[in-house]
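Close look at the chain arrangement
Each chain, written out:
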Amino acid sequence: QEQLVESGGGLVQPGGSLRLSCAASGRILSTNTISWYRQAPGKQRELVALITNRGSTDYGASAKGRFTISRDNAKSTVYLQMNSLKPEDTAVYYCRAAGPVGVQWGQGTQVTVSS
């Protein structure tokens, strides 16, 4: 079964940066739209950014101007570069693949923005 594995989360100070990685097995990147979602305690899961299999991108309101989604097809990995982080960015960040065979989620990686 194809899988998604997130990494790169951690503790960062306000104003700092992190880069999250979503490693995808098989042909996920070539056939799926890959999205980053996040969920903070007591809140609904929300879309952060997405990249289609053709490379088109889109961002949630909270991410525009601060986050960048990209992919490296040779490494079968999608990245989320997060800059100017704020305490309200604290959440578990999930990678999601949506395509012809349905939807898959990764296990999530914790991002904590705190001084």
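On a predicted model such as this, the values are computed, not experimentally measured, just so you know. (Residues numbered from 1 in each chain as written. Predicted model: local features only at pLDDT ≥ 70, side-chain atom pairs only at ≥ 80, totals over all residues. Heavy atoms only, no water.)

One pass over the structure, following the stated rule, counts 1 disulfide. Two residues, Cys-22 and Cys-95, share a disulfide whose sulfurs are 1.9 Å apart. Given an S-S torsion of about -80°, the disulfide between Cys-22 and Cys-95 has left-handed geometry. Taken together, the residues span a long stretch of sequence, with Cys-22 in strand β3 (residues 18–24) and Cys-95 in strand β9 (residues 91–99) at a distance of 73 residues. Like Cys-22, the residue Cys-95 is buried in the burial classification. (Disulfide = S-S within 2.5 Å. Helix = DSSP H or I, 4+ residues; strand = E, 2+ residues; numbered from the N terminus. Buried < 20%, exposed > 50% of the residue type's maximum accessible area, 1.4 Å probe, protein only.)

Here we come to the side chain of Asn-32. Along the chain, the position of Asn-32 falls in the loop between α1 (28–31) and β4 (33–39). Classification of Asn-32 as buried rests on a relative accessible area of 6%. Separated by 2.8 Å, the side chains of Asn-32 and Thr-31 make a polar contact. For Asn-32, the contacting residues outside a window of four places in its chain are Ile-51, Thr-52, Asn-53, Ala-97, Ala-98, Gly-99 and Gly-102. (Polar contact = N/O pair within 3.5 Å; in protein donor to acceptor, adjacent residues only side chain to side chain. Contact = heavy atoms within 4.5 Å.)

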